[in-house]
Amino acid sequence: MSLSKNASADGKTLTIQIRGKFDFNLVQSFRQAYAEVGEQTEKVVIDLRETDYMDSSALGMLLNMKKTLGDSIGSIHISNCRPQLKKILQISRFDKKFDID
Amino acid sequence: MRILVVDDQPLNCTLLKAMLEQQSYHVEVANDGRQALDVLQSTDIDIVLLDVMMPVMDGFEAAPKIKQLAGDVYLPVIFITALEDHASFEKCLAVGGDDFIHKPFDRIILSAKIKAHARTRKLSQEAHLQKKQLEYHYNQTEREHEIVEHIFSNALSQQVTFPHHCDFHLSPASMFNGDMFLMAQSPMGGFYCLLGDFTGHGLAAAVGALPASRVFYTMVNKGMAVNDIAFELNNVLYSLLPGHMFCAAAIVELSESGKSISAWLGGLPDCYLIDQEGLLLRTLESQHMALGILDEDEFERNLIHLEVKPDQRLVMATDGIIETESQQGEMFGEALLKTVLSSTPLITTSDIIDKVHTFSEHGEQQDDLSIAIINCIASEAHRLEKPIYSSLPFNFSMSLNANQMKGTDPILELVDVLSQVEGINEHRSNIFLLLSEAYNNSLDHGVLGLDSEIKNQEDGFFEFYQLRERALANLSDALIIISARYCPDSLCLYFSICDSGNGFRNKQSSSTELLREYGRGLSLLTEIAQSIKYNHAGNEVEMVYSLQ
């Protein structure tokens, strides 16, 4: 379980990648990861390609992020989900608030 | 040193033999050309002293045959002659003679001439030996190249091609010239490709391709991010290649939906995003140093992210194309490449290569011409194979005390164990979610007695987990029992989680209350599980999960 973040070369995209398990154990580091979103950031990508597991606390953390960042950024993408995680996000109607790719 | 004396007059033979043996040479004697050839075939001879007039086969006839027999190594043929006229000398030389010695024999001249020719023969022998060694090594190298080329073409050959996703061209010999192009699809459906250009040419340049391709295929198979792949490739090449060698590369991932591209670009010429007509939409410049130069700490992982549409195409090429020269020494250049891209709608790589060849007027190819065009389309849906389920039933349970609740992540371990059972691994995310929600309910609300109402307050989410941490640290007496049972007939997993708490909602048990209380978690559970049932006290939950 770990979290890493990366700004794109042009600084417009912030990618937060979560490995293994996405749950409340990441609550602090996840908050820190998007705390530094600057003015030039237009898009945040939550990359779940290496995420095996997530629970409702992860959903809560995503919603909190959405609330915190609000309209200051253009869009939040949740990308590269494994099929089951994608389904969890769909069941929770996350596709209404996030761009799920 | 062995000398063959060929003369039909016994006196001459005896005389010469005596003179030469006195100077420690071995001497063989033949009485005519035919005999001389017989001796040469059975004995190693270093110098031939050849009389002109002889029965059976005279010296003029024998000389060319002797030379032929000697092959590549210089075998001196010295004519013994009483003739004095120029015409005879000329004829001696014309048939292959190397020198003359006159009758009667002068001991000093004979000795000097034999020594001189012996030296020349020795040099020739050495040269011949070296030539043979060279030939051997050359053949050896050729053979090894063939073997390596075979291994490389097998290792790098595309097991799978993606004709809809990608059109590419690599020069036929390019594998050995240091260009490589790899493509693969991740389990999630993302399309990945790598265009690489190793410095230099030949075997050395190709050596890095083998480990690089292994890393690429392995990591794509795990669905890793492009910058992680670049990082790993860089580490492998950095440790493997000598300091002056590196690999310029573009690594690109097109997401399963075909809507976004992530690219790590290091050291290759600009990539172009174009539309169907070839109109340039965006130029992507290389951001990084080539792979294999920077060490782990210096390596830069920044990516370029692009949102793309299905009619858009990404063009990438190694420097061979823009650096192709015309007969007048002009370079093909980026400007012409852009013009060519827009010259035909839906241009193909072979169209582009044709234009490059026309430009160079079909001159000798200077560098590899490698180019790839990626179509930004969605991946075709995966066809899932029919899953196989274990036919063995099992059940087990674990009882956790307070210390075990503090220090471990029992659900993760439990799911890891369950994932080993055939057919369950595919469901591990769902099973984790079910168990994790139920376990955390038991722990947070049953055992720790926390109120999740806090989560709904401003900043309450974070506060809740701080409270939880504190309560968990102080926990002493508690028990949670998790049981799991698998039934192969119903293809269902039956879970129960029971805690030593007071029951989370034994006072009010209306379902709407439950829903509000457990909010998102519970509604998710009801969607994923086949059934969920709490006991009356609210300290035990039973869940059924169907694998079908």
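Refer to the structure above for everything that follows.
Notes on the structure follow. Remember, it's a predicted structure, so these values are computed and weren't measured experimentally.

So, how was this worked out
- Residues numbered from 1 in each chain as written.
- Chains lettered and ligands numbered in written order.
- Predicted model: local features only at pLDDT ≥ 70, side-chain atom pairs only at ≥ 80, totals over all residues.
- Heavy atoms only, no water.
- Axes fitted to C-alpha atoms, helices over the stretch in contact; angles between N-to-C directions.
- Helix = DSSP H or I, 4+ residues; strand = E, 2+ residues; numbered from the N terminus.
- Parallel < 35°, antiparallel > 145°, perpendicular 65-115°, else oblique.
- Contact = heavy atoms within 4.5 Å.
- Nonpolar A, V, L, I, M, F, W, Y, C, P; charged D, E, K, R; others polar.
- Buried area = accessible area lost by both parts, 1.4 Å probe.
- Salt bridge = Lys/Arg side-chain N within 4 Å of Asp/Glu carboxyl O.
- Polar contact = N/O pair within 3.5 Å; in protein donor to acceptor, adjacent residues only side chain to side chain.
- Pairing = 2+ DSSP bridges.
- Buried < 20%, exposed > 50% of the residue type's maximum accessible area, 1.4 Å probe, protein only.
- Right-handed = clockwise from strand over helix to strand, strands pointing away.

So, about the packing of helix H3 (residues 83–91) of chain A against helix H15 (residues 428–447) of chain B. Taken N-terminus to C-terminus, the directions of H3(A) and H15(B) make an angle of 45°; their axes are 8 Å apart at the nearest point. Overall, the two elements H3(A) and H15(B) adopt an arrangement that is oblique. Contacts between H3(A) and H15(B) involve A:Gln84, A:Leu85 and A:Ile88 from the former and B:Arg428, B:Ser429, B:Asn430 and B:Leu433 from the latter. Residue composition of the contact of H3(A) with H15(B), grouped by class: 3 nonpolar, 3 polar and 1 charged.

With 46 residues of chain B at the interface, the matching set in chain A holds 40 residues. When chain B packs against chain A, close to 3600 Å² is buried across both sides, 52% of that on carbon and sulfur atoms. Inspection of the chain B/chain A interface yields 6 salt bridges. B:Arg428 is the salt-bridge partner of A:Asp52, the closest N and O atoms lying 2.6 Å from each other. The interface formed by chain B and chain A includes 17 residue pairs in polar contact (both at pLDDT 80 or more). Elements with a minimum of two residues in the side of chain B that touches chain A: helix H9 (226–240), strand S13 (304–307), helix H14 (410–419), H15, helix H16 (460–474) and helix H17 (511–528) of chain B.

What follows deals with the sheet that holds strand S18 (residues 492–499) of chain B. All names here are of chain B. An order of S16-S17-S18-S20-S19 is seen for the 5 strands of this open sheet, with the pairing classed as antiparallel. On the outer flanks of this sheet lie strand S16 (394–401) and strand S19 (531–534), each paired with one strand and no other. Strand-to-strand twist across the sheet, computed as the mean angle between neighbouring axes with direction ignored, equals 10°. Direction of pairing for S19 relative to strand S20 (residues 540–546): antiparallel, over a ladder of 4 bridges. Across the sheet, residue Lys 533 finds its bridge partner in S20, namely Glu 542. The sheet strands contacting H15 are S16, strand S17 (479–487), S18, S19 and S20, and the helix crosses S18 at an angle near 15°.

The next point concerns the pairing of strand S3 (residues 43–47) of chain A. All names here are of chain A. With 5 of 5 residues buried, S3 is to be regarded as a mostly interior element. Burial along S3 is two-sided: Lys 43, Val 45 and Asp 47 facing one way and Val 44 and Ile 46 facing the other are all buried. Regarding topology, helix H1 (residues 27–35) serves as the crossover connection from strand S2 (residues 13–22) to the parallel S3, and that connection is right-handed. Relative to strand S5 (residues 75–79), S3 runs parallel, the two being bridged by 5 bridges. Across the sheet, Asp 47 pairs through a bridge with Ser 79, a residue of S5.

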